[in-house]
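Below are the chains, spelled out letter by letter.
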Amino acid sequence: MSELYWMLTTSVLVFAMQAGFLCLESGRIRSKNSINVAAKNISDFIVSTILFWVFGFGIMFGDSIGGVFGFSDFFFSEQHTPWQISFFVFQMMFCGTAATLTSGAVAERMTFMGYLAITVVLSTVIYPVVGHWSWSGVYSSTGGQGWLEARGFIDFAGSTVVHSVGGWMALVSIMIIGFRIGFSEQKIRLPPGNNLPLSTLGVLLIWLGWFGFNGGSTLALTNDVPTIILNTFISAAWGGFIAVSINYFRDGYVDVSAVLGGVIAGLVGITAACHIVSPSASVVIGGVSGLVAYFGNLLMKAWNLDDALDVVPTHLFAGIWGTLCVALFGKEDKIANGLTFWDQLWIQAFGVVMIGLYCFIVGYACIWLINRFMPLRVTKEQEEQGLNVSEHKATTELFDLLTTMQYQQNNADFSTPVPEEPFTEVGQIARKYNQVIERVSSEITQRDDALMRFQESEMRKSAILNSSMDCIITINRFGSVMEFNPAAERTFGCLKSQVEGKSFVGLFVLEEDRKQIFQSLDSGFSTSTGLILNRRNPFRLQRAPNDHFPAEITITKTQTNGDSEYTLHIKDMTRNMKLQERLKFLAYSDPLTSLYNRTYFMDSLVRALTVSEKKKESVGVLFLDLDKFKLINDTLGHKAGDELLCEVARRLFEVADESDVVARWGGDEFIFMMTENVSTNHLMSRANQILEVMRETFVLSGQDCSVPVSIGVACSYEQTIEADKLIQQADIAMYCAKEKGRDNAQLFTQEMASLVTQKFGFDKEIHDALASEQFSLVFQPKVRMEKGNLLGLEALIRWHHPSKGFVSPGEFIPIAEESNLIIKIDEWVIDTALKQQKTWRDAGIKIVPIAVNLSGRHLVSESIVGYISQKLDFYNLPGSLLEIEITEGVLLTDIQRCIEVMTELKALDIKISIDDFGTGYSSLNYLRRLPLNTLKIDQSFIEECDKHTEDVKICETIISLANGLDLIVIAEGVETASQAETLKSLGCEIFQGYFYHKPMKSDEVVKLL
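Residues numbered from 1 in each chain as written. Predicted model: local features only at pLDDT ≥ 70, side-chain atom pairs only at ≥ 80, totals over all residues. Heavy atoms only, no water.

Visitor: Describe the overall build of the protein, listing the residues and the values that go with them.
Guide: Helix and strand counts for the protein stand at 38 helices and 23 strands. Relative to the globule expectation of 30 Å for 1009 residues, the C-alpha radius of gyration of the protein, 68 Å, shows a markedly less compact shape. The dimensions of the protein, computed from C-alpha atoms along their principal axes, are 195 × 85 × 55 Å. For the protein, the residues scored as buried account for 50% of the 1009 residues in total. Summed over all atoms, the accessible surface of the protein reaches about 47800 Å², with 56% contributed by carbon and sulfur. (Helix = DSSP H or I, 4+ residues; strand = E, 2+ residues; numbered from the N terminus. Rg over C-alpha atoms; globule rule 2.2 N^0.38 Å. Buried < 20%, exposed > 50% of the residue type's maximum accessible area, 1.4 Å probe, protein only. Areas by Shrake-Rupley, 256 points an atom, 1.4 Å probe, with all protein chains shown as cover.)

This is how it looks when you write it as structure tokens:
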């Protein structure tokens, strides 16, 4: 019963070798063929099992026919004894092992049906026949021995019968179907496997199963089994050790495939003699087996035979060696067949040869015929695609990943990531691949963006280069022209094709400058002389000999392929220089008169004063103002005014010496500077000379005109003085000349400055007076014929200064009229007069119109009509109780504006009077157009109207004119009875003056009313 248990147990161990071979092959080939290997291994075992059961066992162990093959025990059944059944199961495992070996050698390139066909051949006509030759007598002594067995051939567990047979079939198959794609190409090294750890596990499983392979061949658990297992273990270990040692010393690293091949070779080598050799002999057998496997593998590659799993070196070559070791190392007492050493060696060698010839010839013929009618080799496309898909339509995660990657490669479409299976190595690869592709896509996008930006930049640069108004020329380090834009073609008058490759210096640089520019070029334009990098270099270039032009050159440097290139930005400065000259003229000259302007004069005066201070000399300034210039503009037009200014400039220029500076200060003001032989007498002499030439008649718009000039003169008197101060002094002197009747020259004195200061002080005091109620009103009555016949009042302002006492209106009104203070005074007078009217009316007193004097500045302002209307409404008074008096000179400022304002006032029922009529040179045309009510004859005509006929005629004319225009006439300043009688005789009826009433305070007016 123990024999049954032992054989069944060892059968299980041998069956585990199938799992080992599956792991070994799956790990040693590429993953795209792993499913095919799994399907082939289990299919091989299934087919071999079925065929061995149907007739393989019968051929191998049936009743022998001449020792060649058996012919009984087909379709093995339960009619056999338990031992026989156990033996059948054990031998069935051996047949499956032999079948598996062949398919491993031709992995990755043989069709699945080809695998099965070769398995059929091996399981029917190869392995059973060879097994009968060697092992027939093991099963039954009555069945007869095989012909090799009978001659003393020993192969204990099948070094030749199982392994060499499988090796021979593998060699034949390799020779017929050829090598894998890329095997013979030197630069392509096929991968050693996709999972070497799995292959290592497979070898360990095979090693474990081999204990049953060799130990079970005793067919019983005898005392020899431990030694057999020991020998098996030692041989395998030394086979692996020798193989890896040779590999390390030969190649310099440990090749796992060499280790695996050496272990299997050691197992195969010991299999034939493991029962009859010592452990020390096992060391030699295993070591030589590893050596045979290693160099056998090199020999196969030298013969260009592609053995995917090194089946031929490890099983065929090591099997032959192991079979010969029966004679070489077997103990005679254990062999015990009566043969001598040489006889045993001969029969072992003979058996190896005969089995080899049979396997090679029959196997080659069968496989060749099968390949003839059913090609065993897959197509190139199927091999590249992988047998998993092409043979079984099965995929793996890795294959799916590779397929997706191939699709991305073929279509250049990386927009969709490859699928990622979580928690797997392939999934990690896919995730990392997606990350790489995402980074690559990002880099490609950035590169494309950069390329697009570069292309756009180049297009913009090209557009800039072509559209630039400046010349852009690129030269190399030798000065040869490389780029020449259209602007350069226009500027230099030649095409790019004409100058390209020629010397820029020789073509466009003046001959006298060429040496210097060549030196600058040799130094990279970095010397202190000549042209300099990154600066605006003023220079002169030539279009052709004797055709020069000013230019501005800016040079930039770039490095291209290690060589320096220089880009010259050249601007033709001809127009710019003309423009600069024009701008300089405009900056320092008056465009109308071509005299110097204020800016130039001030600079010249500052320099002159600085020099005079050092030399202890004097500088004189004459400030000129044209009198009545506005009248010329208003009457003859602005064109005539411009003609006048130009003629004045011409006359001044004629009077001036070469050292003098004549400038137009602004408007109708001119200024004259003298720096040579300056003295008071010389200055006044020059001023009088100017007055003389200006008194000559001007012809403007075909009319003869006299234009007087007022001149102010100031001198530095060899002392330190600011330019502004000196001009200010001349200006003050000029205003003094105007006050003294115009058409004269006045030399500045300190008294003039004091007067100006006094006027400036008046401005502040007037402000304070308005705020502190220092002003008051008095009223002078207007009467008709007789003193008691009161028609109206004229409001007159009085100033009672807290320290100066009474200040005459003649002192502060002219000062106020020079600023907006006069408007505030006018508004105060209007408000106070209307307020007094309201007070009298509220007291039940019969009131009469009050006239107030209005300045010209206030009349043409925007606020006058609104202010008066507001005050009339505020005091609830009609406009008929207010009368506005304006001087005749006001009408000369802006007649159109005067008409508009006076019309608006008239609409408020306000009467309007012309004061001081006869002194203002007003036009009769103006009087006709103005909405007037009253003319007041100036008192200068009244004073001697009773004594001088001329004054009488003037008064008579004014009265007659007023009557003709339906205007009321008032004679003001009547102080005697004789004056009153004379005026009455001329037709005047309304009077105002001391003869009738002096100006009164409000309480005195109440009594009169």
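Here the narrative resumes.
Visitor: Describe the pattern of salt bridges, with residues and values.
Guide: Evaluation of the coordinates by the stated rule reveals 34 salt bridges. For lysine 782, the salt bridge identified is with glutamate 885, shortest N-O distance 3.1 Å. Linking lysine 782 in strand S15 (residues 775-784) with glutamate 885 in strand S19 (residues 882-887), this pair joins segments that are 103 residues apart in sequence. Glutamate 885 matches lysine 782 in its accessibility class, with the two residues each being buried. Shared partners join several salt bridges into a network, and the residues in it are Lys782, Glu794, Glu883, Glu885, Lys936 and Glu972. (Salt bridge = Lys/Arg side-chain N within 4 Å of Asp/Glu carboxyl O.)

Visitor: Quick one: what's the story with the packing of helix H9 (residues 256-271) against helix H11 (residues 311-329), residue by residue and with numbers?
Guide: For the pair H9 and H11, interaxial distance at closest approach is 8 Å and the crossing angle is 40°. In this structure, H9 crosses over H11, and the sense of that crossing is right-handed. Contacts from Gly261, Ile264, Ala265, Val268 and Gly269 in H9 reach Thr314, His315, Ala318, Gly319 and Gly322 in H11. Taken together, the residues of the contact of H9 with H11 sort by class into four nonpolar, six polar and no charged. (Axes fitted to C-alpha atoms, helices over the stretch in contact; angles between N-to-C directions. Left-handed = near helix turned anticlockwise from the far one by under 90°. Contact = heavy atoms within 4.5 Å. Nonpolar A, V, L, I, M, F, W, Y, C, P; charged D, E, K, R; others polar.)

Visitor: Can you tell me about the confidence of the model for the protein, naming the residues and giving the values?
Guide: Low pLDDT marks regions whose predicted coordinates should not be analysed in detail. Looking at the protein as a whole, its pLDDT mean stands at 85, while 95% of the residues score no less than 70. By mean pLDDT, helix H34 (residues 924-929) is the weakest element of the protein at 66, and H11 is the strongest at 95. (pLDDT = per-residue confidence, 0-100.)

Visitor: Tell me what's going on with the side chain of serine 86, and back it up with residues and numbers.
Guide: Considering the arrangement of structural elements, one finds serine 86 in helix H3 (residues 82-105). Serine 86 sits in the buried class, given a relative accessible area of 4%. Those residues in contact with serine 86, other than ones at most four positions away along the chain, are Leu4, Met7, Leu8 and Ser11.

Visitor: Explain a nonpolar patch on the surface residue by residue, including any values.
Guide: Taken together, the side chains of Met175, Tyr364, Trp368, Leu369 and Phe373 make up a nonpolar region of the molecular surface, amounting to roughly 550 Å² of accessible area. For the nonpolar patch, the element with the most residues is helix H13 (residues 341-373), which contributes four residues. Relative to the helices and strands, phenylalanine 373 resides in helix H13. (Patch = residues over 30% accessible without salt bridge, like charges linked within 9 Å, V, L, I, M, F, W, Y side chains within 5 Å.)

Visitor: An account of the sheet that holds strand S7 (residues 563-572) is requested, with residue identities and associated values reported.
Guide: Taken in spatial order, the five strands of this open sheet run S4-S3-S7-S6-S5, and their pairing is antiparallel. The sheet is open, and its two borders are formed by strand S4 (481-484) and strand S5 (536-544), each paired with just one other strand. When the angles between neighbouring strand axes are averaged without regard to direction, this sheet yields 35°. When strand S3 (residues 471-476) meets S4, the two strands line up antiparallel, connected through three bridges. If you follow isoleucine 473 over to S4, its bridge partner there is phenylalanine 484. (Pairing = 2+ DSSP bridges.)

Visitor: Hey, could you go over the environment of tryptophan 665 for me, with residue numbers and the actual values?
Guide: Looking at the element boundaries, tryptophan 665 is found in strand S9 (residues 661-666). Taking the C-alpha atoms as reference, tryptophan 665 lies 9.0 Å from aspartate 590; in sequence the two are 75 residues apart. Discounting residues that sit within four places of it in the chain, tryptophan 665 has contacts with Arg598, Phe601, Met602, Phe623, Phe670, Ile671 and Ile727.

Visitor: Account for the pairing of S9, with residues named and values stated.
Guide: Along S9, five of the six residues are buried, which leaves the element largely enclosed by surrounding structure. Sheet topology note: the S9/strand S10 (residues 669-674) ladder contains five bridges and is antiparallel. When the sheet's bridge partners are listed, glycine 666 is paired in S10 with glutamate 669. Hairpin connection of S9 to S10: two residues between the antiparallel strands, including glycine 667 at a positive phi of 60°.

Visitor: Could you give an account of the sheet that holds S9, naming the residues involved and the relevant values?
Guide: Taken together, the five strands give an open sheet; going across it, the order is S9-S10-S8-S13-S14, and neighbouring strands pair in mixed fashion. Every other strand in the sheet has two partners, leaving S9 and strand S14 (745-747) as the edge strands with one partner each. Mean inter-strand twist for the sheet, computed between neighbouring axes without regard to direction, equals 20°. Pairing of strand S8 (residues 620-626) with S10 involves six bridges; the strand directions are antiparallel. Bridge pairing links valine 621 to methionine 673 in S10. Across the face of the sheet, helix H25 (residues 638-655) comes into contact with S8, S9 and S10 while running at roughly 10° to S10.

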